[in-house]
Amino acid sequence: MFGKGLVKGLQITWKEFWAPKLTVEYPDKQHPMPERFHGKFVLDVDKCIACGLCVNACPNRVISLNKQKVGKKQYLTDYKMDIQYCLFCGLCVESCNKGAIHFTQDFNMNQYFYKNIPLVLVRREAPAEPLEEPATGGEEKPKPKPKPKPQAPKEEKVAEPAPPAAESEAAAGKEGQ
Ligand code: SF4
Ligand code: SF4
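All of these numbers come straight from a predicted model, not from anything done at the bench. (Residues numbered from 1 in each chain as written. Chains lettered and ligands numbered in written order. Predicted model: local features only at pLDDT ≥ 70, side-chain atom pairs only at ≥ 80, totals over all residues.)

(A) Here's a closer look at the overall build of the chain. Scanning the chain from N- to C-terminus turns up 4 helices and 5 strands. Counting across all 177 residues of the chain, residues that qualify as buried make up 10%. Across the chain, the fraction of contacts at a sequence separation of at least 24, relative to all contacts at a separation of at least 6, is 73%. (Helix = DSSP H or I, 4+ residues; strand = E, 2+ residues; numbered from the N terminus. Buried ≥ 20, exposed ≤ 12 C-beta atoms within 10 Å, placed from the backbone. Contact = placed C-beta atoms within 7 Å.)

(B) Here's a closer look at the environment of Cys48. Residue placement: Cys48 occurs in the loop between strand E1 (41–43) and helix H2 (53–57). Its 22 C-beta neighbours within 10 Å are what place Cys48 among the buried residues. Spatially, the C-alpha atoms of Cys48 and Cys96 are 8.7 Å apart, while their sequence positions differ by 48 residues.

(C) Up close: the pairing of strand E3 (residues 73–81). With 8 bridges joining them, strand E2 (residues 63–70) and E3 adopt antiparallel strand pairing. When the bridges of E3 are listed, Gln68 appears paired with Tyr75. Turn length for the E2-E3 hairpin, with the two strands adjacent in sequence and antiparallel, is 2 residues, and the turn residue Gly71 shows positive phi of about 65°. Where E3 meets strand E5 (residues 119–123), 4 bridges bridge the pair, whose relative direction is antiparallel. Following the sheet pairing, Met81 is matched in E5 by Leu119. (Pairing = 2+ DSSP bridges.)

(D) Quick look at the site of ligand 2. Taken together, the residues surrounding ligand 2 are Cys48, Ile49, Ala50, Cys51, Gly52, Leu53, Cys54, Ser95, Cys96, Lys98, Ala100 and Ile101. A breakdown of the residues in the shell around ligand 2 according to their chemical character gives 9 nonpolar, 2 polar and 1 charged. (Near = placed C-beta within 6 Å. Nonpolar A, V, L, I, M, F, W, Y, C, P; charged D, E, K, R; others polar.)

(E) Inspection of the nonpolar core at higher detail. With 18 residues, the main nonpolar core has Cys54, Ile63, Leu76, Met81, Cys92 and Ile101 as its most contacted residues. The element contributing the most residues to this core is E3, with 4 residues. Beyond its immediate sequence surroundings of up to four residues, Ile63 is in contact with Cys54, Val55, Cys58, Met81 and Cys92. (Core = buried A, V, L, I, M, F, W, Y, C linked by C-beta atoms within 7 Å.)

(F) Quick look at unusual backbone geometry. The omega torsion across Tyr26 and Pro27 is 5°, close enough to zero to call that bond cis. Its location among the elements puts Pro27 in the loop between helix H1 (2–18) and E1. Although it is not a glycine, Ala50 sits at a positive phi angle of roughly 55°. When you line up the elements, Ala50 lands in the loop between E1 and H2. Positive phi outside glycine occurs at Phe88, with the angle close to 55°.

(G) Main features of the site of ligand 1. Inspection of the region around ligand 1 gives 13 residues, with Cys58, Val62, Cys86, Cys89 and Cys92 positioned closest. Residue composition of the shell around ligand 1, by class: 11 nonpolar, 2 polar and no charged.

(H) Layout of the sheet that holds E2. Strand order in the open sheet formed by 3 strands is E2-E3-E5, and the pairing between neighbours is antiparallel. Looking at strand neighbours, the two that pair on one side only are E2 and E5, the edges of this open sheet. Within this sheet the neighbouring strands show an average axis-to-axis angle of 20°, counted without direction. (Axes fitted to C-alpha atoms, helices over the stretch in contact; angles between N-to-C directions.)

Everything listed is a geometric property; what it means functionally is a separate question.
Next comes the structure, spelled out in structure tokens:
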């Protein structure tokens, strides 16, 4: 009984020793991440309009943002994610119609201190004056073509009635004298 089990165990060990390895020596090596992996968030602040759609879409109230009105636009001053409560469901990314927030393939978000866990994506002061719009790379926008002016309707010439034949003969006689 004892000898039979030992042989069977060694058989399995021998077989697995030559089988292809599926594990890697992390962190020196790492498996390639899937393209659509839900990892650490990044926010494109230039695209974000501080509309708050992502905040409302989040079922766990992970996202909080602050904004300030500068000129006619809202300026994002603070964007924080309490990532310890995040489900990585992606609803916030789906809800953003500006494509400002998205996932990366970085899964390593561990922190030594609890206070460092929240992900602060933006923290800045609002400018006193509205910022200038970024230049479009020297390319001028094509000017819209002027609309053709509506033309006035042409006046139709009314043909004058021909003089009666007797009058025209009398006129011809006068000319002859
Ligand atoms: S992935 Fe889901 S849970 Fe996490 S912040 Fe976005 S909406 Fe909230
Ligand atoms: S990340 Fe997108 S949805 Fe969220 S506030 Fe900015 S523009 Fe709005």
